[in-house]
Amino acid sequence: MLAFRSSTARLLSAGPLLTAFVACLLLVGCGNADSTNIADSMNTLVGHSDLTKNILDIYGTIFWIDTFLFILVQGVLIYAVLKFRARGDEKTLPEQVHGNLQMELGWTIAPVFILMLIAIPTVSFIFESQAPAGKDAIVVNATGKQWWFKFGYPGYGFETANELHVPAGRQVDLRLQSDNVIHAFWAPQLTAKRDMMPGRVNHITFTADRAGTYLGQCAEYCQDSHALMKFRVVVDSLEDFEKWAAHQKEGVPEAEAKSAGFEAFQGATCVACHAISGTSAQAAIGPNLTHVGSRTHIAAGVLENNEANLRAWLKNPDAVKPGSKMPNLNLSDEQITTLVSYLQSLK
Amino acid sequence: MANPAHAAPGEHAPHAGHGAPSQSWLMSWVMTSDHKRIGILYGLSALFFFVLGGIEALVIRTQLAAPGQHIVDAATYNALFTMHGTTMIFLGVMPMSASFFNYLIPLQIGARDVIFPRLNAFSFWLFLIGAIVLNVPFILTPFVDMRVIPDGGWFGYATLTEKAYTPGASIDFWICGLQILGVASMAAGFNFIVTIFNLRAPGMTLLRMPVFTWMTMVVQFLVVLSFPCITIALVLLMFDRLFGTHFYLPEGGGDPLLWQHLFWLFGHPEVYILILPAMGIVSEVLPTFARKPLFGAPFVIFSGITIGLLGFGVWSHHMFTTGLGAAADASFSVTTMLIAIPTGVKIFNWLATIWGGQIRLTTANLFALGFVCMFTMGGLSGVMHASPPVDLQQQDSYFVVAHFHYVLFGGAVFGLLSGIYYWFPKMNGGFLSESLGRWIFGILFVGFNTTFFPMHIVGAAGMPRRIFTYDAGLGWEIPNLIETVGAFTIAVGVLLFIIDLLRSIGRTDGKAGPNPWDASSLEWITESPPKVHNFDITPTVYSDRPVWEKNHGPGPGYALAAVDEHIHIPPPSLRPLMLAMGVGMFFISWLTAGQFFMFGAGMSIVALGAILYSSFSWFLEPGH
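Think of each chain on its own: its residues are numbered from 1, step by step along the sequence as written. Lettering for chains starts from A, numbering for ligands starts from 1, and both go in the order in which the items are written. Whole-chain, interface and lining totals are the exception, using all residues; otherwise, since this is a predicted model, local features are given only for residues with pLDDT of at least 70 and side-chain atom pairs are given and counted only at 80 or more. Working from all heavy atoms in the structure, the side-chain values ignore hydrogens and water.

Only heavy atoms enter the contact rule, under which two residues are in contact if any of them lie within 4.5 Å. Each side of the interface is counted separately: chain A has 84 residues, and chain B has 96 residues. Summed over both partners, the interface of chain A with chain B buries about 7800 Å², with 68% contributed by carbon and sulfur atoms. Buried area is understood as the total, over both parts, of accessible area removed when two parts are fitted together, assessed with a 1.4 Å probe. Interface area lost by chain A to chain B is led by Phe84, Trp107 and Tyr221 of chain A, which between them contribute 9%. Here a salt bridge means any side-chain nitrogen of Lys or Arg lying within 4 Å of a carboxyl oxygen belonging to Asp or Glu. The tally of links from chain A across to chain B stands at three salt bridges. Whenever a nitrogen or oxygen atom comes within 3.5 Å of another N or O atom, the pair is scored as a polar contact, on the condition that within protein one atom can donate a hydrogen and the other can accept it, and that pairs from neighbouring residues in sequence are kept only if both atoms are in side chains. Our enumeration of links across chain A and chain B arrives at 28 residue pairs in polar contact (both at pLDDT 80 or more). Listing elements by their share of the side of chain A that touches chain B, those giving two or more residues are helix H2 (16-30), helix H3 (50-83), helix H4 (101-129), strand E7 (192-196) and strand E9 (212-217) of chain A. Helix and strand assignments come from DSSP, with helices taken as H or I runs of at least 4 residues and strands as E runs of at least 2, each series counted from the N terminus. It is H3 of chain A that provides the largest number of residues to the side of chain A that touches chain B, a total of 17 residues. Think of it as three bins: nonpolar holds Ala, Val, Leu, Ile, Met, Phe, Trp, Tyr, Cys and Pro, charged holds Asp, Glu, Lys and Arg, and polar takes everything else, Gly as well. In terms of residue class, the side of chain A that touches chain B is made up of 52 nonpolar, 19 polar and 13 charged.

Structure follows, in structure tokens:
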């Protein structure tokens, strides 16, 4: 980001349009470069993984080349219009120039060299970034659903939803897939974007550089609640990550599996779609709820995970997420109270 | 400006004319095969749908003016952006370009009409039927119990558009409308290719053709080569939806990527179908108002051809995020970057054209200069996502929305507006208001940049496209509010333009004369508006700037032989409209088959009968 800042002064003299252009990008680019505020984590001009930092380098190269060409073309255009504007008292026609071969060759060939400045780092990074992940990479199966994300950790043997945990400093091999429509996985500062295509597996390999919580969102139009299909990536230290993973792997204790809360869960037919490991609930249609109480948000990053929101969600899912695949079960207030406290207890 | 074409009119009456006294005013338009009238019909329809697409955009912008608004619900919002894109591309910019092709090509090449005038009328009526099919769901919605307004995005990605995920009739309307529009475009495409190759005035070699005619020809080749791709893609999708095939469904061995390849193999050339006509217009307007020839005209022409050819080799740059593999990403990245070269050649030649000229800042020229300015911006942001790694951040974000609006609004629409101001006096005999025109340009220029520049920022800040709502606190609020203010500014500009247009259509004072701008191509020797048969005597052309050279030297420019020619103009006919209705009904029968299979199948047989009847009676009708 320093590069953006130090060059600004020189460019300020290049005209108001350009000033506005650069100023706007600076607003985005430098606003909170070093902030750990989660609200800034959709900003693509900050990178917190090897992948996104490399992308920013290429973006920076193209940005400055573009800026140069923008000034050149607009400068010539504005200068020509001002200088050659008809005054209305011309006695003769302007010289009837039909063309100039040298100039044509010049502006055909020169762009080739400029484009090579972009093409070479681009092509080499394409191959570098799409190389297979290392053997010790942490594998996560990420599946796009309408409208939430399922995260499976085959190396650890558990599943979770909408909150992806990865360790800092370790390579992650995200295996993106879908069994319905096309979605796109986009955590701007960590993973950039790849589609979750039905019938195939796409990879994103990245190494996050520091702990923190990052926002992400589906980026491929997937119908009604596309706008409400969000997720969070929690980057932990390796130690915290292992602790978290070990806890996720545990099912609920046997006693709890027979509790009144679980009875209500069963009675309300939640078991038809959701799994809670350690219990008889093993369906895989909706998100796995084994540790739903420990997630910060519900309904794919849309609502904070608290009592009021859980109640609203169970009362009428469609009001929270248009088109929601979770039906309105017409639960009584009593049922909802039991269910909410049960779900909150699943830490 | 002495003009022999007008010195000796009269004795050359066409043997069959339009608007014979027995015809009513309305029927004379319905039955017309005059390319100029068809051009006007295309233009007015395009303007209507442009306004409709604009209203859809205003609702979208109102919804997004602030975070968390619910002016429309999610499903309606999704239908609105689908119809906004589909409308602007297929019913706004394409027919507006077609309006220019129709009105100008015969005039520019010294012909009396296109080679198949009735096929031309057929194209227009079929276009109108397709446009109605796409928009009729807006009226149907309150009366039916399912979703009918197309809502799969203008790109209609499978598997979302499959019956399993979009069960209503919305996608069926979309498929049907696009198939009909495709037939209309193909028919027009062949018509203009044959016209340009066969009906040029004596002496008009290919390199003496006006650059607008050249770009039209390139566009028609793109149309006839790219539309079959989407036709096939849509037929396969229709089969999936109607008959349970699974071309795009992986559980049956299909692949949703197939749709994307077929769609973008059409969709990318389509981008050039939208922009090349505007480039042709600008290549006419800039030289005229600089009083110089187009700098490096052969290079401008060949770069247009190169853009058209390369346009077929870059489609997968719309698919960098789909995981095609490193080799494919790298190849399509490089071919995409290559397109920057011929595009740059055009821009540099335009700059060299105005350099050293006597630039008159008429409204037409302001829009042309605005085109160069804004199109450059769109081209440069395009270079950014030509790089797949960068595209992995920009794809499907508002950054891309900004990019293609700079190309298609700042580019194509500004170019078309320039063309309207430039050729309106030819079509009408009087001018559009120049003083108001400058205001309109100013309002649109400011409104356009206010709307679309902040989209770069909000896109870089991570706002995805096609979301009906967003949360506060992500830094997206202020740019979105500014964009909405800009959108309504554009609406004011468009409203002023339409008021002036309607006011001026009635003002056919003839003040314009044949050649108001001292321009160079053949349309400027005809009267304003031209006679039904355009030219009393077909000119013989000696230069690529015939009219300019006639007036200013050094060469003779063109000459009119003093021979009495036989002028053949086909009589008006209802057959093109009838055939269009038959073809339209055939496609509509498959639309209805989506819900009522037997009814649709029966209707398709009736439609085939109507097609047979109208085409045979067309062939047997005397005088064409």
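Over the atoms rolls a probe the size of a water molecule, and its path tells where empty space is left. Residue and element names in this part refer to chain B. A pocket here means an open set of points on a 1 Å grid, computed over the protein atoms alone, that has protein on both sides within 12 Å along at least five of seven lines. A cavity is instead a set of points where a 1.4 Å probe fits but cannot get out; residues with an atom within 4 Å of a point line either one. Grid points are joined across faces, edges and corners, and a volume is the space filled by probe spheres set on the points. All chains considered together, the criterion is met by eight cavities of 30 Å³ or more. As a volume, the largest cavity reaches approximately 240 Å³. Taken together, 20 residues line the largest cavity, and the ones lying closest to its centre are Met94, Pro95, Ala98, Ser185 and Ala188. When contributions to the lining of the largest cavity are tallied by element, the ones reaching two or more residues are helix H4 (74-108), helix H6 (170-198) and helix H7 (211-243). Residue contributions to the lining of the largest cavity peak at seven residues, all from H4. Here the residues of the lining of the largest cavity are counted per class, giving 15 nonpolar, five polar and no charged. Looking at the lining of the second largest cavity, the elements that each hand over two or more residues are helix H3 (35-64), H4, helix H13 (398-428) and helix H15 (477-505). In terms of residue count, H13 provides more of the lining of the second largest cavity than any other element does, five residues in total.

This part takes up the packing of aromatic side chains. All names here are of chain B. Pairing of aromatic side chains requires ring centres within 6.5 Å, counting the rings of Phe and Tyr and the six-membered ring of Trp. Pairs whose planes differ by under 30 degrees are stacked, by over 60 edge-to-face, and all others tilted. By the definition in use, this model includes 75 aromatic pairs over all chains. Their ring planes at 45° and their centres at 5.2 Å tell us that Phe448 and Phe452 sit as a pair that is tilted. Placement of both Phe448 and Phe452 in helix H14 (residues 434-460) is noted, with a separation of four residues, approximately one turn of the helix. The exposure class assigned to Phe448 is buried, which follows from its relative accessible area of 0%. Relative accessibility thresholds used throughout: buried, under 20% of the residue-type maximum; exposed, over 50%; partly exposed, between the two (1.4 Å probe, protein chains only). Look at Phe452 and you get buried, because its relative accessible area is 7%. Geometrically, the ring pair formed by Phe616 and Phe619 is edge-to-face, given 6.2 Å between the ring centres and 80° between the ring planes.

Attention shifts here to the packing of H6 of chain B against helix H17 (residues 575-593) of chain B. All names here are of chain B. Where H6 contacts H17, the axes come no closer than 9 Å and their chain directions differ by 160°. On the basis of the axis angle, H6 is roughly antiparallel to H17. Between H6 and H17 lies a crossing whose hand is right-handed. Between H6 and H17, the residues in contact are Asp172, Phe173, Cys176, Gln179, Ile180 and Val183 and Gly584, Phe587, Ile588 and Leu591, respectively. The axes used here are C-alpha line fits, helices contributing only the stretch in contact, and every angle between their N-to-C directions lies in the interval 0 to 180 degrees. Any angle from 65 to 115 degrees is called roughly perpendicular, while one under 35 is roughly parallel, one over 145 is roughly antiparallel, and all others are oblique. Each crossing gets its hand from how the near helix is turned against the far one by less than a right angle, where anticlockwise is left-handed and clockwise is right-handed.

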